[in-house]
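Summary of the model geometry
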Amino acid sequence: MARTFQPLGDRIVIKPNEEEEVSKGGLLLPDTARERPQEGEVIAAGPGRVSDTGQLIPMSLGVGDKVLFPQFGATRINEDDDELLFFRESDILAKIS
Amino acid sequence: MARTFQPLGDRIVIKPNEEEEVSKGGLLLPDTARERPQEGEVIAAGPGRVSDTGQLIPMSLGVGDKVLFPQFGATRINEDDDELLFFRESDILAKIS
Amino acid sequence: MARTFQPLGDRIVIKPNEEEEVSKGGLLLPDTARERPQEGEVIAAGPGRVSDTGQLIPMSLGVGDKVLFPQFGATRINEDDDELLFFRESDILAKIS
Amino acid sequence: MARTFQPLGDRIVIKPNEEEEVSKGGLLLPDTARERPQEGEVIAAGPGRVSDTGQLIPMSLGVGDKVLFPQFGATRINEDDDELLFFRESDILAKIS
Amino acid sequence: MARTFQPLGDRIVIKPNEEEEVSKGGLLLPDTARERPQEGEVIAAGPGRVSDTGQLIPMSLGVGDKVLFPQFGATRINEDDDELLFFRESDILAKIS
Amino acid sequence: MARTFQPLGDRIVIKPNEEEEVSKGGLLLPDTARERPQEGEVIAAGPGRVSDTGQLIPMSLGVGDKVLFPQFGATRINEDDDELLFFRESDILAKIS
Amino acid sequence: MARTFQPLGDRIVIKPNEEEEVSKGGLLLPDTARERPQEGEVIAAGPGRVSDTGQLIPMSLGVGDKVLFPQFGATRINEDDDELLFFRESDILAKIS
């Protein structure tokens, strides 16, 4: 049975979209020419961060949201052949709809 | 159908003005001589940042505003042949009118 | 008799899962090919950090929780042939369940 | 028609005084011998910065003020043959009267 | 008569445990092979730090506590042939019991 | 007519004491042997800084105060053959009396 | 008549104990072998720092206190053949009694 991650604080887990291995012209792309995907889906979200005054700042993002994320700043782990990305919500650029 | 970005926090998305490829004297400019445009239009804006006390600090900028932005600090993405720039509102220099 | 650690503030002590010394294909792995485990169990937890306003911010994690932790940032000590990791709770990526 | 800039937050726009191209002794100065002017006039001012508690901190400077500014820290743009300097008010050294 | 130190703020003074000069196998260890001890006893403690709002944040540690401290970050002084370590309480890893 | 500077925020303007060009033994000192004076008189002072909560933190120093200032950290300008130093009040070491 | 320094904010002035120029064995020590003294007496103290909320945080140290100070971080000035050290109170390690 697959296990689940409950992110702490304002962290989210993103499953990035799969990279296209074929260019639009139909050529098979070498690794360096493939752009790292910067889009994915939120598969888990923390409860939010607790401010210095003890207040829970609720999250804007939830499971299922499609997001645009920056190229750097993620903690990357491998889980069941998937690469998962851990970000703080404040690093996410935008929700895509 | 085109998709839309809903920026998080105090982020905005700017579509920069197109670069002029011809100098005022009519010469076609090589790439290095063309100045990066520093003006554009806000095409999406977040709800504002949430302060440490849990308060939403509302935005000064909205969709349609013409803005002057700094040369550095943007996250740049390509979307449908357009380059889009993600900034935090606090990095924007001025509204142009 | 074994002694116990009572972490200060928002620190936790993690006993990392044991590294597998044999690869899935059955080969004995040299040291450099073995990934550092990034999972473990919380064996002690502090009371939480005290904010600037004197408020105790309670912990999300407790003894027995399985956690995913980042590769860097721990203070590592050896205790009775075990390696123990000291982290601040805010550095922990997620609870695993 | 000339366009106007409305600086965001606590930013101001300064039109620096013109550099004197002739030294006091009447010699034409080479570029490196001319000091960068550090004085100018405020031609636009933002509404002030919004603090973490959501409060607007009003500006001390307004349009028409003569100011002394530091040599570094400005964002410089060219507009209609003028160089304009964007500063945060907190970087300005003094009002001149 | 021995003099005493009253640490300021949230500082504590630790007398580290003595290094074992003989390895478990009975060999006399050269200096580089001896691990710096990371345990000791609190021999003096400040009243606590005063927060930005003027509040005294009381200490968790007191005289006589056995503690685990990090390898770096102490101010070390020599006093009557003893090495004493000054730490801020927030740097201490755990109380040992 | 001489112009005046009104420093912004918690800035002060200091006119440093004149350097003695003759050593106590009567020798004319070369430039490198002359110590930079670190004392001077406050000739202008700002109203104080405005805190994040919008509160004006009043100044401790006023015009006419003799002060001891650090060797580094000033913004230096030349005005009518005088060198003037701009400091934030928080950088000043002491009032001399 | 000797002049006095009134330190600003949470600064104190320390007159360090004199260095012993003779080692315990009676040898005259070369300069490099003499340890910089890290103890001295408070000869002047500021009123305390003013917090961001406008509150005066009172001092723990006063004139006449013997203190232990760190080797680095002081601003050093020479006054009437004495070396005086300016520290912020928060940098002082302990009061000696």
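The paragraphs below set out a description of the structure included in this document. (Residues numbered from 1 in each chain as written. Chains lettered and ligands numbered in written order. Predicted model: local features only at pLDDT ≥ 70, side-chain atom pairs only at ≥ 80, totals over all residues. Heavy atoms only, no water.)

Here's the deal with the overall build of chain A
- When you go through chain A residue by residue, the secondary structure sums to 0 helices and 9 strands.
- The helix and strand sequence of chain A, counted from the amino end, reads β-β-β-β-β-β-β-β-β.
- Evaluated residue by residue, chain A yields a buried proportion of 37% over its 97 residues.
- Excluding contacts between residues fewer than 6 apart, the proportion of contacts in chain A whose partners are at least 24 apart in sequence is 61%.
- In the form shown here, chain A has an accessible surface area of approximately 5,600 Å², with 49% of it arising from carbon and sulfur atoms. (Helix = DSSP H or I, 4+ residues; strand = E, 2+ residues; numbered from the N terminus. Buried < 20%, exposed > 50% of the residue type's maximum accessible area, 1.4 Å probe, protein only. Contact = heavy atoms within 4.5 Å. Areas by Shrake-Rupley, 256 points an atom, 1.4 Å probe, with all protein chains shown as cover.)

Points about the interface of chain B and chain A
- With 16 residues of chain B at the interface, the matching set in chain A holds 19 residues.
- For the chain B and chain A pair, buried surface summed over both sides reaches about 1,500 Å², with 50% attributable to carbon and sulfur atoms.
- Interface area lost by chain B to chain A is led by Gln6(B), Leu8(B) and Asp52(B), which between them contribute 37%.
- Between Arg3(B) and Glu39(A) there is a salt bridge, and its shortest N-O distance comes to 2.5 Å.
- The tally of links from chain B across to chain A stands at 8 residue pairs in polar contact (both at pLDDT 80 or more).
- Those elements giving two or more residues to the side of chain B that touches chain A turn out to be strand 1 (5–7), strand 7 (75–79) and strand 8 (82–88) of chain B. (Buried area = accessible area lost by both parts, 1.4 Å probe. Salt bridge = Lys/Arg side-chain N within 4 Å of Asp/Glu carboxyl O. Polar contact = N/O pair within 3.5 Å; in protein donor to acceptor, adjacent residues only side chain to side chain.)

Regarding the interface of chain G and chain E
- Counting from both sides, the interface comprises 19 residues of chain G and, opposite them, 16 residues of chain E.
- Across the chain G to chain E interface the summed buried area is about 1,500 Å²; carbon plus sulfur atoms make up 50%.
- Summed over the three residues of chain G that lose the most area to chain E, namely Leu93(G), Lys95(G) and Ser97(G), the buried surface amounts to 34% of that side.
- Where chain G touches chain E, the interface holds 1 salt bridge.
- The tally of links from chain G across to chain E stands at 8 residue pairs in polar contact (both at pLDDT 80 or more).
- In terms of residue count, the dominant contributor to the side of chain G that touches chain E is strand 9 (residues 94–96) of chain G (3 residues).
- With 3 bridges joining them, strand 1 (residues 5–7) of chain E and strand 9 of chain G adopt antiparallel strand pairing. The partner of Phe5(E) across the bridge, within strand 9 of chain G, is Ile96(G). (Pairing = 2+ DSSP bridges.)

Details of the environment of Gly48(B)
Residue and element names in this part refer to chain B.
- Looking at where Gly48 falls in the secondary structure, it is placed in the loop between strand 3 (39–45) and strand 4 (49–50).
- A relative accessible area of 3% places Gly48 in the buried class.
- Spatially, the C-alpha atom of Gly48 lies 9.5 Å from that of Ile12, the residues being 36 residues apart in sequence.
- Sequence-distant contacts of Gly48, that is, excluding residues within four places in its chain, are made with Gly9, Asp10, Leu56, Ile57 and Met59.

A short note on the sheet that holds strand 9 (residues 94–96) of chain E
- A sheet is described by the order of its strands in space; here 7 strands give the open sequence 1(C)-9(E)-6(E)-3(E)-2(E)-8(E)-7(E), paired in antiparallel fashion. Lying at the two open borders of the sheet, with one neighbouring strand each, are strand 1 (5–7) of chain C together with strand 7 (75–79) of chain E. Recorded for the sheet is a direction-independent mean angle of 40° between the axes of neighbouring strands.
- Summarising the sheet, strand 6 (residues 66–68) of chain E and strand 9 of chain E pair through 3 bridges and their orientation is antiparallel. If you follow Val67(E) over to strand 9 of chain E, its bridge partner there is Lys95(E). (Axes fitted to C-alpha atoms, helices over the stretch in contact; angles between N-to-C directions.)

Some words on the pairing of strand 3 (residues 39–45) of chain F
Residues and elements named next belong to chain F.
- Across 5 bridges, the pairing between strand 2 (residues 11–16) and strand 3 is antiparallel. Looking across to strand 3, one finds that Lys15 is bridged to Glu41.
- As paired elements, strand 3 and strand 6 (residues 66–68) share 3 bridges and run antiparallel to each other. Across the sheet, the residue bridging to Glu41 is Lys66, located in strand 6.

Notes on the packing of aromatic side chains
- As enumerated under the stated definition, the model contains 14 aromatic pairs over all chains in all.
- Between Phe5(C) and Phe86(C), the ring centres sit 6.0 Å apart and the planes meet at 75°, which makes this aromatic pair edge-to-face. Taken together, the residues span a long stretch of sequence, with Phe5(C) in strand 1 and Phe86(C) in strand 8 (residues 82–88) at a distance of 81 residues.
- For the pair Phe69(E) and Phe87(E), a centre-to-centre distance of 5.5 Å together with 40° between the ring planes defines the contact as tilted. Separated by 18 residues along the polypeptide, Phe69(E) in the loop between strand 6 and strand 7 and Phe87(E) in strand 8 (residues 82–88) bring together distant segments of the chain. Each member of the pair, Phe69(E) as well as Phe87(E), is classed as buried. (Phe/Tyr/Trp six-rings, centres within 6.5 Å; stacked < 30°, edge-to-face > 60°.)

Quick look at the sheet that holds strand 1 of chain B
- If you trace the 7 strands from one edge of the open sheet to the other, you get 7(A)-8(A)-2(A)-3(A)-6(A)-9(A)-1(B), paired in antiparallel fashion. Of all strands in the sheet, those with a lone pairing partner are strand 7 (75–79) of chain A together with strand 1 of chain B, marking the two edges. For this sheet, the mean angle separating the axes of adjacent strands, direction not counted, is 40°.
- Judged from the 4 bridges that link them, strand 2 (residues 11–16) of chain A and strand 8 (residues 82–88) of chain A form a sheet pairing that is antiparallel. When the bridges of strand 8 of chain A are listed, Val13(A) appears paired with Phe86(A).

Details of unusual backbone geometry
- In this model, Asp81(B) sits at a positive phi of 70°, which is unusual for a non-glycine residue.
- Positionally, Asp81(B) belongs in the loop between strand 7 and strand 8.
- Exposure remark for Asp81(B): the relative accessible area of 84% places this residue in the exposed category.
- In the Ramachandran plot, Asp80(F) falls in the positive-phi region, its phi being about 50° despite a non-glycine side chain.
- Along the polypeptide, Asp80(F) turns up in the loop between strand 7 (75–79) and strand 8 (82–88).

Keep in mind that these numbers describe shape and distance, not what the molecule does.
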